[in-house]
Amino acid sequence: MRHFLDIRDQSGETLQGILDHAAEMKAALKSGASTAQPLAGKSVAMIFEKPSTRTRVSFEVGISQLGGTPLMLSSSDLQIGRGESIEDTARVLSRYVDAITIRCFDHATLTTLAESATVPVINALTARSHPCQIMADLQTMIERHGSLVGQTVTWIGDGNNVAASWIEAAARFGFHLRIACPDGYAPDAELLAWARGEGADVVLYDDATAAVADSQTIVTDVWVSMGDDEGTRAQDFQNFQVNEELMAAAAGDAIFMHCLPAWRGMEVTAGVIDGPQSVVFDEAENRLHAQKAVLAWCVGGN
Ligand code: CP
Ligand code: NVA
């Protein structure tokens, strides 16, 4: 069974193969060539417990382009919303569909679904990780910088679900990763220990300017993720805004990345996200191509 639950579950070789396939499918789509339809005659259920623009639309379009039928299922419309177990939902859906994607609050919902399903399950974001986002981001980095080898990526802000998947990617691809966050918002210590045990070069900073020096990729995300309390975050993150001054302290050819949705004036200034170094809409586009390659690997057998 080929689930795609987290970056850490796959070898670097498997992930690179998926990224290569994503680049091939992107080129084929752009050239108008007819593309393979590994999902022909197959259906994919997409469960969402939280809102989504990119993930929902890119999966729905991607499944259709691969010849499959997407089924959009809001958890509030399913019997899960009335208390039916995840296990029973997984067993039932597995009798109808060929794969399940899920966006949920609790990471355990994803893993329970995967344990009970008899079809592949794909993580479409949990409070702990967002692997499909990072596949699209890696594709974007390769497009812009030619390779991941020797690159330095700097994450600014909250040590959240997206940061966690970047840490896992650093362990699998060997780029250098710096993480600058305010006190109390560092990524999970166990995850950092795991990544370093796998040989990842991940360094924590408390100063954003020091963290971006000579870095070619600057990444940030919202200060308040879905399901988080706003609390004192706006004050806590004040010195962790990606603005023009911070970008000027990075490498001259640095790109700016953000998974979106973004809050201009909070984690990033309009000048940066709408400026020449920003690749945020390439990242959003690559969600389509990267996820098609993930689907082809999980369901289509390539
Ligand atoms: N980046 C991302 O996952 O966006 P959505 O929440 O719109 O799916
Ligand atoms: N960290 C953000 C990512 C949204 C795509 C969140 O979980 O809300």
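Quick summary incoming for the structure in this document. (Residues numbered from 1 in each chain as written. Chains lettered and ligands numbered in written order. Predicted model: local features only at pLDDT ≥ 70, side-chain atom pairs only at ≥ 80, totals over all residues. Heavy atoms only, no water.)

Contacts to ligand 2 come from Leu125, Asn160, Asn161, Asp221, Val222, Ser225, Met226 and Leu260. Asn160 is positioned such that a nitrogen or oxygen atom in its side chain is 3.3 Å from a nitrogen atom of ligand 2. The contact in question runs from a nitrogen atom of ligand 2 to an N or O atom on the side chain of Asp221, over 2.7 Å. Contact with the protein chains removes 94% of the 270 Å² of surface that ligand 2 exposes when unbound. Residue classes in the shell around ligand 2 are distributed as four nonpolar, three polar and one charged. (Near = heavy atom within 4 Å. Polar contact = N/O pair within 3.5 Å; in protein donor to acceptor, adjacent residues only side chain to side chain. Areas by Shrake-Rupley, 256 points an atom, 1.4 Å probe, with all protein chains shown as cover. Nonpolar A, V, L, I, M, F, W, Y, C, P; charged D, E, K, R; others polar.)

In this section: the sheet that holds strand S1 (residues 43-48). Ordered in space as S2-S1-S3-S4, the four strands form an open sheet in which the pairing is parallel. The open sheet has two edge strands, strand S2 (69-74) and strand S4 (121-123), and neither has a second partner. Averaged over all neighbouring strand pairs, the angle between strand axes comes to 20°, with direction disregarded. Where S1 lies against S2, six bridges are found, and the strand directions are parallel. Across the sheet, residue Met46 finds its bridge partner in S2, namely Met72. (Pairing = 2+ DSSP bridges. Helix = DSSP H or I, 4+ residues; strand = E, 2+ residues; numbered from the N terminus. Axes fitted to C-alpha atoms, helices over the stretch in contact; angles between N-to-C directions.)

A few words on the pairing of S1. Taking burial as the measure, the six residues of S1 include six buried ones, the bulk of the element. Each parallel crossover has a hand, and the one from S1 via helix H2 (residues 54-65) to S2 is right-handed. (Buried < 20%, exposed > 50% of the residue type's maximum accessible area, 1.4 Å probe, protein only. Right-handed = clockwise from strand over helix to strand, strands pointing away.)

With respect to spatial proximity, the complete set of residues near ligand 1 consists of Ser52, Thr53, Arg54, Thr55, Arg103, His130, Gln133, Cys259, Leu260 and Arg287. Within the backbone of Leu260, an N or O atom sits 2.8 Å from a nitrogen atom of ligand 1. Separating an oxygen atom of ligand 1 from a side-chain N or O atom of Arg287 is a distance of 3.0 Å. When the free accessible area of ligand 1 is taken as 260 Å², the share hidden by the protein chains comes to 96%. Among the residues making up the shell around ligand 1, the classes are represented as two nonpolar, five polar and three charged.

Here we take up the pattern of salt bridges. Here the structure, examined in full by the defined rule, presents nine salt bridges. With its nearest N and O atoms 2.8 Å apart, the salt bridge here joins Glu143 to Lys26. Linking Glu143 in helix H5 (residues 131-145) with Lys26 in helix H1 (residues 12-31), this pair joins segments that are 117 residues apart in sequence. Relative accessible area serves as the criterion here: at 38%, Glu143 is assigned to the partly exposed category. (Salt bridge = Lys/Arg side-chain N within 4 Å of Asp/Glu carboxyl O.)

One finds Phe4, Leu138, Ile156, Trp166, Phe175, Leu177 and Val242 to be the most contacted residues of the largest nonpolar core, which totals 79 residues. For this core, the element with the most residues is helix H6 (residues 161-173), which contributes nine residues. Not counting chain neighbours up to four residues away, the residues in contact with Val242 comprise Ile156, Ile218, Thr220, Met247, Phe256, Glu267, Val268, Thr269 and Val272. Counting residues in hydrophobic clusters, the runner-up holds 19 residues, among them Leu73, Ile80, Ile86 and Ala90. (Core = buried A, V, L, I, M, F, W, Y, C linked by side-chain atoms within 4.5 Å. Contact = heavy atoms within 4.5 Å.)

Following Leu260, the chain continues into Pro261 via a peptide bond in cis, with omega recorded as 5°. Looking at where Pro261 falls in the secondary structure, it is placed in the loop between strand S9 (255-258) and helix H11 (270-273). Phi at Leu125 is positive, roughly 115°, even though this residue is not glycine. Secondary-structure assignment places Leu125 in the loop between S4 and H5.

Below, the discussion takes up the packing of H1 against H5. One way to put it is that H1 packs onto H5 with a least axis distance of 10 Å and a crossing angle of 70°. Of the possible angle classes, the one that applies to H1 and H5 is roughly perpendicular. Like other packed secondary-structure pairs, H1 and H5 cross with a definite hand, here right-handed. From H1, Leu15, Gln16, Ile18, Leu19, Ala22, Ala23 and Lys26 reach across to H5, where they touch Met135, Leu138, Gln139, Ile142 and Glu143. Here the contact of H1 with H5 is composed, by residue class, of eight nonpolar, two polar and two charged. (Parallel < 35°, antiparallel > 145°, perpendicular 65-115°, else oblique. Left-handed = near helix turned anticlockwise from the far one by under 90°.)

Read these as layout, nothing more, since geometry by itself doesn't imply function.
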